[in-house]
Structure formats: structure tokens, C-alpha cells
Amino acid sequence: MKRPIRRLAFFGYLGSGNIGNDATLETVLGWLNSHHPQVEICCISIAPAGVTAKYGIPSVPMTWHSPYHRARGVTEAFAKLFGRLVDIARSYTLAGSVDAVIVPGMGVLEDSLRVRPWGLPFSLFLMAAACRLRRRPFVLLDIGAEYAVNRLTRRLNVATVKRAAHVSYRDLASAAAMARAGARAPEAIAPDLVFAHPVSKLTAPEPGRLVVGVMAYYGPADDPVRGAAVRRTYVATMAEALTRLTDRGDRIVLVSGDGVDIDVAHEIRAAVFAQRPMLRARAIVVREFTTFTELTEEMMRAEVVVASRFHNLICALRLARPTVSVGYARKNRHLMQALSLDEYCQEIGQLDGDLLVTQIQSARENGQRLSTCIRRVTSEYADKVESLLERVSEETLGLPIPLSRTTDLPDELELPGEVDAWHGS
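Analysis parameters
- Residues numbered from 1 in each chain as written.
- Predicted model: local features only at pLDDT ≥ 70, side-chain atom pairs only at ≥ 80, totals over all residues.
- Heavy atoms only, no water.
- Phe/Tyr/Trp six-rings, centres within 6.5 Å; stacked < 30°, edge-to-face > 60°.
- Helix = DSSP H or I, 4+ residues; strand = E, 2+ residues; numbered from the N terminus.
- Buried < 20%, exposed > 50% of the residue type's maximum accessible area, 1.4 Å probe, protein only.
- Lys NZ or Arg CZ within 6 Å of the ring centre and 35° of its normal.
- Contact = heavy atoms within 4.5 Å.
- Patch = residues over 30% accessible without salt bridge, like charges linked within 9 Å, V, L, I, M, F, W, Y side chains within 5 Å.
- Areas by Shrake-Rupley, 256 points an atom, 1.4 Å probe, with all protein chains shown as cover.
- Salt bridge = Lys/Arg side-chain N within 4 Å of Asp/Glu carboxyl O.
- Expected span 1.5 Å × (residues − 1).
- Pairing = 2+ DSSP bridges.
- Axes fitted to C-alpha atoms, helices over the stretch in contact; angles between N-to-C directions.

## Considerations on the packing of aromatic side chains
Part 1: Scanning the entire structure with this criterion turns up two aromatic pairs.
Part 2: With a centroid separation of 4.9 Å and 70° between ring planes, the pair formed by Trp 118 and Phe 122 is classed as edge-to-face.
Part 3: Aromatic pair Phe 195 and Tyr 381: ring centres 4.8 Å apart, planes at 85°, arrangement edge-to-face. Here Phe 195 is found in the loop between β7 (188-189) and β8 (209-213), whereas its partner Tyr 381 is found in helix α14 (residues 381-396), with 186 residues between them in sequence.
Part 4: For Tyr 381, a relative accessible area of 13% translates into the label buried.
Part 5: Note that Arg 134 overlies the ring of Tyr 92, its terminal NZ or CZ placed 4.2 Å from the centroid.
Part 6: Note that Arg 180 overlies the ring of Tyr 147, its terminal NZ or CZ placed 4.0 Å from the centroid.

Structure representation (C-alpha cells):
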């Protein structure tokens, strides 16, 4: 008989300024509050103060050694090592203080942007192992994953999946990557959780309004020092393309998907005005948002969206806006390919300004067709996410069945042939 769930903890990089990560939490938190208000919620987060301030729920740090307070040299190395030893006991204690731990979406098993084995992969493994020892469900809910190049990271990820009571992925590519690494098959594959994030109101798009999601990109290693030239090239290329679009009369809104992106937005705007000093101030503006709802309301007004951050891309697509992806990881292209939008993709590290202008113009000219195509594919995504939440709450957490149900997910998951073929390779 399942242990009754009275207190549940969310786990992950939450509350630190990444709008997409927080949106995954908001989706699951809202669903639980609506269907199971009796469950007490807390959080184990990289930024506990941010989570508590934003959502009013108790939160504690993921790690004893904070990544935001760094010393130098030997002192920092000792602090990290000591902190990791302390985290072994902390994870055991934290797992025992709740009835279940959920990792709500996010690309927690991805290998992009400076993933180190002793960072998030080790933290996830510790919590998964602690939950197994304390007989608490550890749920990897609709997460993103990649095949980790680093062998230790790969082994930690596989070990984490092995110890989870439930594993679901947000796309087939994630499932295939983990099968290739040797992980067990997931319980389900469903669209990203954020496709079920509530939309409060609908606003018609405005002709000529281009919303551009920018990113502080320093290359795959995400090193601000070694990747400074990568960032400068990106800013210059994006600014040159947007300058040409302002010449055509477009009104451009620069937005971020993480707090670290806002400086890049201002740099791009300044670079545009350096090329066109007489340009009207309203021709290109920067809007800083802290919530996914605010970002959604802005993208609703867009005739065309350009997105780099993954959940900025999802934000645009769930609104059926004609969208161009300037992605930093394979997941962007995988999502666009699922919607037959591969011709509207670029890689941020090889951004081609001329092609970007062409893609934006094509998206504008074919806007109605693209919106119809996107809406046709994504129209059931929210229902599929809710079905996944119902399934996990009932089968894994032992919560009562909600009074209203959407379409059930299949009892057995059929994975593509290549997933099984890669299993254990």
C-alpha cells in the first residue's frame, strides 16, 4: 500500500530567475492546488529565497555550499568538497522530511551549457538515492535529457533514472538519448509541462510587431571569459539583422528568458541605435519580465516571434505565433521539427543575419498557414500534460483520482525502434 502523500517537495533550479524553469513549477503547483489542495508543498531549490518570495512556499537550499557565494583557489575547492560530503547527509534528512520529491520538468538531464558531474547531476543522484533509502517516491516528471559526453555525468544520470519511482520525458529525443546511455525505459512521453501553463487572456497580434527573445550566450561551455567573443559576435549579428528590419518599419520588442539575458538585450538595442542614430526610440524597446505570464502577454501581441531560450520558444508556439528558432541546443530544433518548422531554425553559435531576415519575412508572409499548422499539432498538448499529471498523482503518489478527467495516456508506452536498439549501448 502506498504511503499517503501529505507533504511534497519540488526539487531543482527554481526561483533563480529562469522564467521557463519557474513556469514548469507553476504548472504543476497550480494543478496540485486545484486538484489536491490538501497536499502541503515545499521546495528544495538553488534559490530558496526566490521561491519563497515568488510563491509563498517554504524552501531550503539544494546544496550546503551556495553557488552564489564563491571564494578563490584552495578555499573554494575545499568548500565545494566539504559541501558535497555534507550534502550526502542533508539529502537523506530532506528526503525523510517529506512524503515525495518531484523534479518538475526542466532539462535536468541535459548536457549543454557547462554541466559538471559534481553539480546538478550529483545533486539529483543524491536525492534519488536518499528517496530510495527512505522509501519515498522520487519523480522525474516530464524532463528533458541528452546523451552526456562526460562518462561520470552519464553514469550519474542513468543511476538517477534507475532510482526514480517515475520517469517521463518531454520528447522522444530525450527518451532516445537516455536509452542510448543505458537507462531504463520511461513510464511516459508527453509534451513539455509549460504547454499546460494557464493563459489568462487572449490578445490579437499586431502587424509589424516582432518579439525577439535574446540570450546571454557564450558558447557550449557557457564561459563568460573564453566565450566573450562568441557573445560579441552574436550581439553584432543580431543587431545588424534587426537594424535592417527597423528600416522596413518593424517595431521590435527585445525580451529575455532569464535574468542574465537582460544586459544582452540592452547591448543589442544600443548597437542598433549606433547604426541608426535617428531611429525613433519606440522602434526597438527592451521589456524585462519576471514571470511566464508576462512573457505570454507580450508574445500574444507579436506578428512574428524569434526565440532562443527553450521555454520562450514554447511560449510562442503554444500561442500559435509564427516563430523562428535561434537555438542553443538540439531540443529547439527537435521541437520545431515536430511541428514541420525546420526551415525556420538556426543555431545561435552560427547565426546568419541575412538568413534570419529572410526567415522572419517568410514567417510573416506565411503567417496564417504557419499558425494553423502549429495550432493543429499543439491543440491537444495541454490535455496530454494534464493526463500525465493525473497518472502520476494516482499511480505514483497515491493521491485520489480528480473528479474530472481528460483523455488518458496509454497504459503501455510504445517507443520508437531506435530507442530499443540503443538501449544499453
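And the narrative resumes.
## Some words on the environment of Leu 389
Part 1: By the element assignment, Leu 389 lies in helix α14.
Part 2: Classification of Leu 389 by relative accessible area gives buried; the value is 6%.
Part 3: The spacing of Leu 389 and Asp 142 is 247 residues in sequence and 9.5 Å in space, taken between C-alpha atoms.
Part 4: What Leu 389 contacts, discounting residues up to four positions off in sequence, is Val 28, Trp 31, Leu 141 and Leu 193.

## Describing a nonpolar patch on the surface
Part 1: A cluster of nonpolar side chains, Leu 81, Leu 85 and Ile 88, forms an exposed patch at the surface whose accessible area comes to about 300 Å².
Part 2: Tracing the backbone shows Leu 81 in helix α3 (residues 73-96).

## Observations concerning α14
Part 1: With 16 residues, α14 should reach 22 Å at 1.5 Å per residue; the first-to-last C-alpha distance of 22 Å fits that figure.
Part 2: Those residues of α14 hidden inside the fold are in contact with α1 (19-35), β5 (138-143), β6 (166-169), β7 and α13 (367-378).
Part 3: Backbone geometry just downstream of α14 places Gly 398 in the positive-phi region, at approximately 70°.

## Considerations on the sheet that holds strand β9 (residues 251-255)
Part 1: Strand order in the open sheet formed by six strands is β10-β9-β8-β11-β12-β13, and the pairing between neighbours is parallel. Two strands in the sheet have a free side with no partner beyond their single neighbour: β10 (284-286) and β13 (345-347). For this sheet, the mean angle separating the axes of adjacent strands, direction not counted, is 15°.
Part 2: Sheet topology note: the strand β12 (residues 323-327)/β13 ladder contains three bridges and is parallel. When the bridges of β13 are listed, Val 326 appears paired with Gln 346.
Part 3: Against the sheet, helix α8 (residues 262-275) engages β9 and β10, with an angle of about 160° to β10.

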